[in-house]
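Here is what each chain is made of, one letter per residue.
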Amino acid sequence: MTHIRHRHTTHFTVVGNHLAQHPTLSSTAIGIAVRIQSLPDGAKVGIKALAERLPESEYKIAAALKELKAAGYLRRSRERTAGQRIVTRTTYYECPDAERRPARPARPDRRTHHIHPAHPQPVDSSSPPPRPPAAPPTPTTSPPVSPLPPSRERTPAAALLAGLRRTDARLALSVREITQLTPAVETWLARGVPAEQVSRTLTATLPGGIIVRASALLAHRLAEWLPPVLPAEPRAKAAAPPPAPFQECPDCERAFRSPSPGRCRDCRTPAGTETRGEG
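Residues numbered from 1 in each chain as written. Predicted model: local features only at pLDDT ≥ 70, side-chain atom pairs only at ≥ 80, totals over all residues. Heavy atoms only, no water.

Undergrad: Lay out the overall build of the protein in plain terms, naming residues and giving numbers.
TA: Looking only at helices and strands, the protein has eleven helices and four strands in total. Counting over 279 residues, the protein shows a buried share of 20%. Within the protein, contacts between residues at least 6 apart in sequence are counted, and of these 43% link residues at least 24 apart. Summed over its atoms, the accessible surface of the protein is roughly 23100 Å², and 54% of this surface lies on carbon and sulfur atoms. (Helix = DSSP H or I, 4+ residues; strand = E, 2+ residues; numbered from the N terminus. Buried < 20%, exposed > 50% of the residue type's maximum accessible area, 1.4 Å probe, protein only. Contact = heavy atoms within 4.5 Å. Areas by Shrake-Rupley, 256 points an atom, 1.4 Å probe, with all protein chains shown as cover.)

Structural data, given as structure tokens:
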């Protein structure tokens, strides 16, 4: 068998071989123990809560929890809350053997343990006098730290990514993940996609259960669902100029179109001309 190793920097859980290679626990119990160990403090780990997230039945989950309790990984206790309710508190031990080891006794400090002889010892006057204490080193002033480059946390794209956890708490991103995803969101915004539509695209139809790597899921959607660039809008045709208003000829009282008042074409034609134009 060959392992393809990968160094996880975020969203990972450390599991000891004492659990992964336990000689008596069943595979179901080991898998449920890893699931419980990956959950944060305060998460619900009852039989019904686990059955909603896991494909195993409540009977198998109950049997696996009994195995973990017998092996020392789980401890359940009933407590009464301030509202007089009885609740079950579950404590998970990542390494039960470490909890059972007795604490080592503290070693005596040899620097403060002195033996006082019964008879005083003579002092050798020929020994050299003690040296004066050395002067404390002069503190050196460290060079001023250069300010960090401005981050992208204040851009609209970064604000959009940081606000995704308000819609779904499973999409909580770190500062490094937001910095890595910001250029992809800026590409969407540059192509005319509103910020509300980008947020709906990233938060819609999410898978159920725990999202192990929310940043990888968002990066896939930003890359695969990127819309094309909008084509250029066609230029509108120039509108025809409006017609000239109607004017009334003062000589014949005929109506004709002209930008300014005056006489019609017939009245402007000299007398004796046979060709007459219409107004």
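Undergrad: Can you tell me about the side chain of Glu 177, naming the residues and giving the values?
TA: Tracing the backbone shows Glu 177 in helix H8 (residues 175–190). Comment: no salt bridge for buried Glu 177; closest opposite-charge side chain is Arg 213, at 6.4 Å. A distance of 3.4 Å separates a polar atom in the side chain of Glu 177 from a polar atom in the side chain of Ser 215. For Glu 177, the residues in contact, after removing those within four places along its chain, are Thr 10, His 11, Ala 172 and Ser 215. (Lys, Arg positive; Asp, Glu negative; His and termini not counted. Salt bridge = Lys/Arg side-chain N within 4 Å of Asp/Glu carboxyl O. Polar contact = N/O pair within 3.5 Å; in protein donor to acceptor, adjacent residues only side chain to side chain.)

Undergrad: Any chance you could break down the pattern of salt bridges for me, citing the residues and the numbers?
TA: Side-chain pairs of opposite charge can arise where the charged atoms are in close proximity. Within the structure shown, the criterion is met by five salt bridges. Arg 170 serves as the salt-bridge partner of Asp 168, at 3.0 Å between the closest nitrogen and oxygen. In this structure Asp 168 comes out as buried when scored by relative accessible area, which is 18%. Taking the relative accessible area as the measure of exposure, Arg 170 reaches 28% and is therefore partly exposed. Ionic pairing is found between Asp 251 and Arg 263, a salt bridge with its closest N-O pair at 3.6 Å. Placement of the pair is Asp 251 in the loop between strand E3 (246–248) and strand E4 (255–257) and Arg 263 in the loop between E4 and helix H11 (265–268), with a sequence separation of twelve residues.

Undergrad: If you had to explain the pairing of strand E1 (residues 74–80) to someone new, which residues and values would you point to?
TA: In the sheet, E1 pairs with strand E2 (residues 86–92) via seven bridges, with the strands oriented antiparallel. For Leu 74, the partnering residue across the bridge sits in E2 and is Tyr 92. Counted along the chain from E1 to the antiparallel partner E2, the turn is five residues long, and its residue Gln 84 has a positive phi close to 60 degrees. (Pairing = 2+ DSSP bridges.)

Undergrad: Pulling in residues and values, what's your account of H8?
TA: Helix length check: H8 (16 residues) gives 22 Å between terminal C-alpha atoms against 22 Å at 1.5 Å per residue, within 8%. At Thr 182, H8 shows its strongest bend, of approximately 40 degrees, with the proline Pro 183 following within four residues. Buried within H8 are the following residues: Glu 177, Ile 178, Leu 181, Thr 182, Val 185 and Trp 188. Buried positions along H8 lie against helix H6 (156–162), helix H9 (195–203) and helix H10 (214–224). (Expected span 1.5 Å × (residues − 1). Bend = angle between axes of the 7 residues up to and from the residue.)

Undergrad: Explain the side chain of Ser 258 to me, and be specific about the residues and the numbers.
TA: Tracing the backbone shows Ser 258 in the loop between E4 and H11. Classification of Ser 258 by relative accessible area gives buried; the value is 14%. Of note is the side chain of Ser 258, whose polar atom sits 2.9 Å from the backbone oxygen of Ser 260. Contact partners of Ser 258, with chain neighbours within four places excluded, come to Ala 244, Pro 245 and Gln 247.

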